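As a plain string of letters, each chain reads:
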Amino acid sequence: MSNLNPHVMTKFIFFIFLLVLLSFSVRAQTPDANGNVYVKPLAAGNGNGSSWSNATSNLQGAINAVGAKQIWVAEGMYQSASGTSFNMKNGVAVYGGFKGLDTELILAQRNSKLNVTILKGNGTRVIYNLGLNATAILDGFTITDGVLSGNASNVYGAGIYNDSSSPTISNCIISNNIVTGTGAIAKGGGMANTSGSPILTNCVFMGNKTDYQGGAIYNENAVPVIRNCFFVNNESLGTDGNSGGGAIFNTGINTYNSIKNCVFYGNKASYGTAIRNSFTANKDQAIVNCTFYGNTQNTSSATLARTLYSNFSTLTITNCIIWSNYGTTAIYKQNGADPIYQYSLVQGNNVTTNNNLDASNATNAPQFVNITNIAGIVGADGFYGTADDGLALQATSPLLNKGSNVPVDNDFDIVGNTRIRNNTVDLGAYEYQIGNIIPNIVPSAMQI
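Keep in mind it's a predicted model, so treat the numbers as computed, not measured. (Residues numbered from 1 in each chain as written. Predicted model: local features only at pLDDT ≥ 70, side-chain atom pairs only at ≥ 80, totals over all residues. Heavy atoms only, no water.)

## Brief notes about the pattern of salt bridges
Thinking step 1. Evaluated as defined, the whole model comprises 7 salt bridges.
Thinking step 2. The partner of Arg-110 in a salt bridge is Asp-139, and the shortest N-O contact between them spans 2.7 Å. Separated by 29 residues along the polypeptide, Arg-110 in the loop between strand E4 (93–98) and strand E5 (117–120) and Asp-139 in strand E7 (residues 137–139) bring together distant segments of the chain. With respect to burial, Arg-110 and Asp-139 carry one shared label: buried.
Thinking step 3. Its salt-bridge partner being Asp-411, residue Lys-260 comes within 3.2 Å of it at the nearest N-O pair. (Salt bridge = Lys/Arg side-chain N within 4 Å of Asp/Glu carboxyl O. Helix = DSSP H or I, 4+ residues; strand = E, 2+ residues; numbered from the N terminus. Buried < 20%, exposed > 50% of the residue type's maximum accessible area, 1.4 Å probe, protein only.)

Laid out in structure tokens, this is it:
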């Protein structure tokens, strides 16, 4: 070795260094006694993932590890290899929001608001799931910068594509993902679900875009369960008669589609600024205790840009606030059954049957806390789903205690407060809390 010239010696040392790095990246991940694998942006110790001090940097390897039950992921950014996506796995729960300290021993110690854990796209969609059930869990992540494009076949889901899959996704932010394509092929900027019944809880869909259908979510033959989610500033850029769904686009042979305790704000489309249902035969959809505010057209020529645009949908709206969106009326029915409003305040509706409030009566205005701008909507703390949110109701609001308790089912409002605090549920996504009672819940990922 001593006879090697300096140039050769330098190359040799660099080669050994690369081998060492490679050994860390391909090292088999080893779950601890509880089935946990620990992940950090930079590997630590021996890099086998058996503890925080021996954390692996290979997130996908951790998910695939034999015997893995939970993956604990420290704050930071993670990307799959160029042109590939992360894949979830049945029986494996992946939790973000940890600091990555040896003192973190239980899930309750994580905070996904403060310890932001990012899954970032690398030239394609961020996550692709195939054939999963509800035991595949993702909790406490920001899924962002997924980019897809095409010009021939359908392009689904730049953030997450659940292909015949029903994973459980909670406390996540799905933001700034975009799917583009020539013609009618771009579907689901933030997420696409084709078949399956994914469970979506306490998530924020924000700033996602599609060239055609479903700015935040596209559902085809899928029956998602959507609870306590925010849909903010998502957009369908399409303008032809089959485009739309600034936040959500539903189509196919869906059966029962349920959305509860959600907020739709600032979404844009030509048809269905918040939601578009496009079926060939009537399919049931129930929207309960949701707030729709400030959703609007994507172009000045989009004269049918109603908040909800329905084609062959048996749409039932209960305990909802639909207010100050584009157009004089909030809901447009193209074909099929008339929508049913009950116990709701719906702009353009002055009929008070079914316990609705007359939207033409100024005394029924919602009296939101702060709707001056996006900063007011999210509140001073910068997090959605907290006590200072602007679309919460004031103490003098006429919408307090005006709902139906029948569909509540022990629900929590969008902040995590127990519903029905004064015998009767309030309208909209927020239950008024006397004295600003702040619930004792595990921190979520509702960060702007």
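From this point, things continue past the structure.
## Quick notes on the environment of Val-406
Thinking step 1. Tracing the backbone shows Val-406 in the segment after helix H3 (374–378).
Thinking step 2. Each C-alpha atom of the pair Val-406 and Thr-318 lies 9.8 Å from the other, and the pair is 88 residues apart in sequence.

## Some points on empty space enclosed by the protein
Thinking step 1. Counted according to the given criterion, the structure contains 2 cavities of 30 Å³ or more.
Thinking step 2. Of the pockets and cavities examined, the largest cavity occupies roughly 50 Å³.
Thinking step 3. Broken down by class, the residue content of the lining of the largest cavity amounts to 8 nonpolar, 1 polar and no charged. (1 Å grid on protein atoms, 1.4 Å probe; cavity = no way out; pocket = protein on both sides within 12 Å on 5 of 7 lines; lining within 4 Å. Points joined across faces, edges and corners; volume = space filled by probe spheres on them. Nonpolar A, V, L, I, M, F, W, Y, C, P; charged D, E, K, R; others polar.)

## Considering the packing of aromatic side chains
Geometrically, a pair of aromatic rings is defined through the distance of the ring centres and the angle of the planes.
Thinking step 1. Applying the stated rule across the entire model yields 16 aromatic pairs.
Thinking step 2. Ring centres of Tyr-156 and Tyr-218 lie 5.9 Å apart, and the angle between their planes is 40°; on these two criteria the pair is classed as tilted. Remark: Tyr-218 occurs in strand E20 (residues 217–220) and Tyr-156 occurs in strand E10 (residues 155–156); sequence separation between them is 62 residues.
Thinking step 3. Judged by its relative accessible area of 12%, Tyr-156 falls in the buried class.
Thinking step 4. You can call Tyr-218 buried: its relative accessible area is 1%.
Thinking step 5. Note on Phe-230 and Tyr-384: the rings are 5.1 Å apart at their centroids and 40° apart in plane angle, and the pair reads as tilted. With Phe-230 in strand E22 (residues 230–232) and Tyr-384 in the segment after H3, this residue pair connects regions lying 154 residues apart in the sequence. The exposure classification of Phe-230 matches that of Tyr-384, with both residues buried. (Phe/Tyr/Trp six-rings, centres within 6.5 Å; stacked < 30°, edge-to-face > 60°.)

## Observations concerning the environment of Gly-214
Thinking step 1. Among the secondary structure elements, Gly-214 is positioned in the loop between strand E19 (209–210) and E20.
Thinking step 2. In this structure Gly-214 comes out as buried when scored by relative accessible area, which is 0%.
Thinking step 3. Gly-214 sits 36 residues away from Asn-250 along the chain, and the two C-alpha atoms are 8.1 Å apart.
Thinking step 4. Excluding residues that lie within four positions of it along the chain, Gly-214 makes contacts with Gly-188, Gly-189, Gly-244, Gly-245, Ala-247 and Phe-249. (Contact = heavy atoms within 4.5 Å.)

## Some words on the sheet that holds strand E13 (residues 173–175)
Thinking step 1. Spatial strand order, E3-E5-E8-E13-E18-E22-E26-E29-E32-E35: 10 strands in an open sheet with parallel pairing. If you trace the sheet from one side to the other, it starts and ends with strand E3 (76–79) and strand E35 (345–346), each paired once.
Thinking step 2. Bridge count for strand E32 (residues 321–323) against E35 is 2 bridges, and the pairing is parallel. Bridged to Ile-321 within E35 is Leu-345. (Pairing = 2+ DSSP bridges.)

## Details of the pairing of strand E2 (residues 70–74)
Thinking step 1. The element E2 is extensively covered by neighbouring structure, given that 4 of its 5 residues are classed as buried.
Thinking step 2. Crossover handedness for the path strand E1 (residues 36–39) to helix H2 (residues 59–64) to E2: right-handed.
Thinking step 3. Alignment of E2 against E4, held across 4 bridges, turns out to be parallel. Its bridge partner being in E4, Trp-72 is matched across the sheet by Tyr-95. (Right-handed = clockwise from strand over helix to strand, strands pointing away.)

None of this, on its own, says anything about what the molecule does.
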